Amino acid sequence: MKLQQLRYIVEVLNNNLNVSATAEVLFTSQPGISKQVRMLEDELGIQIFGRSGKHLTHVTPAGQEVINIAQEILSKVEGIKAVAREHTQPDEGKLRIATTHTQARYALPEVIQGFIKKYSKVSLQMSQGTPAN
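Residues numbered from 1 in each chain as written. Predicted model: local features only at pLDDT ≥ 70, side-chain atom pairs only at ≥ 80, totals over all residues. Heavy atoms only, no water.

Caption draft 1: Region of interest: the pattern of salt bridges. Per the stated rule, a full pass over the model turns up 3 salt bridges. The partner of Glu41 in a salt bridge is Arg51, with the nearest N and O atoms 2.8 Å apart. Of the two residues, Glu41 sits in helix 3 (residues 30-44) while Arg51 sits in strand 1 (residues 49-52), which places them 10 residues apart along the sequence. Note on Glu41: relative accessible area 4%, which makes it buried. Of the charged contacts in the structure, one is a salt bridge between Lys121 and Glu92, with a shortest N-O distance of 3.9 Å. Taken together, the residues Lys121 in the loop between helix 5 (101-118) and strand 4 (122-129) and Glu92 in the loop between helix 4 (61-88) and strand 3 (93-100) connect sequence positions 29 residues apart. (Salt bridge = Lys/Arg side-chain N within 4 Å of Asp/Glu carboxyl O. Helix = DSSP H or I, 4+ residues; strand = E, 2+ residues; numbered from the N terminus. Buried < 20%, exposed > 50% of the residue type's maximum accessible area, 1.4 Å probe, protein only.)

Caption draft 2: Main features of unusual backbone geometry. A positive phi is found at Asn16, a non-glycine position, where the angle reads about 55°. Residue placement: Asn16 occurs in the loop between helix 1 (3-14) and helix 2 (19-26). Residue Asn16 is classed as exposed on the basis of its relative accessible area of 69%. Positive phi, close to 55°, is recorded for Phe27, a residue that is not glycine. Using a relative accessible area of 78% as the deciding quantity, one classes Phe27 as exposed.

Caption draft 3: Spatial organisation of helix 5. Its 18 residues give helix 5 an end-to-end C-alpha distance of 24 Å, which sits within 8% of 26 Å, the value for a rise of 1.5 Å per residue. Taken as a whole, helix 5 carries its principal kink of about 65° at Leu108; the proline Pro109 stands between one and four residues after it. Listed in full, the buried residues belonging to helix 5 are Ala104, Leu108 and Ile112. Next to the buried residues of helix 5 lie strand 3 and strand 4. (Expected span 1.5 Å × (residues − 1). Bend = angle between axes of the 7 residues up to and from the residue. Contact = heavy atoms within 4.5 Å.)

As structure tokens, then:
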């Protein structure tokens, strides 16, 4: 089992079981995706996708469970990459702030200016809402 195979099955689902569209999104070939999906199914001994001829028609119950776990694994892989980036590029990244109008208008401008000077490579996004939000 390879991470690439897990990415493929998740993306096939994300692209409504359209292998050609999945291949475009992943910058690879449709036959390559089909082959890797079949290899994974053979290794696991289950069908992840139901088929009608060459077309995928549905996700099997076992396939849905596999895809759910694959999504968790791929999320964990992204988490590992994020940890590595934090250590190799500590002055880069994203900062999202949610605040009220009063804080955004009066308390944060000076703080944000200082932050931007110190961390110019950090992308800053601020959302303003009411205290109830």
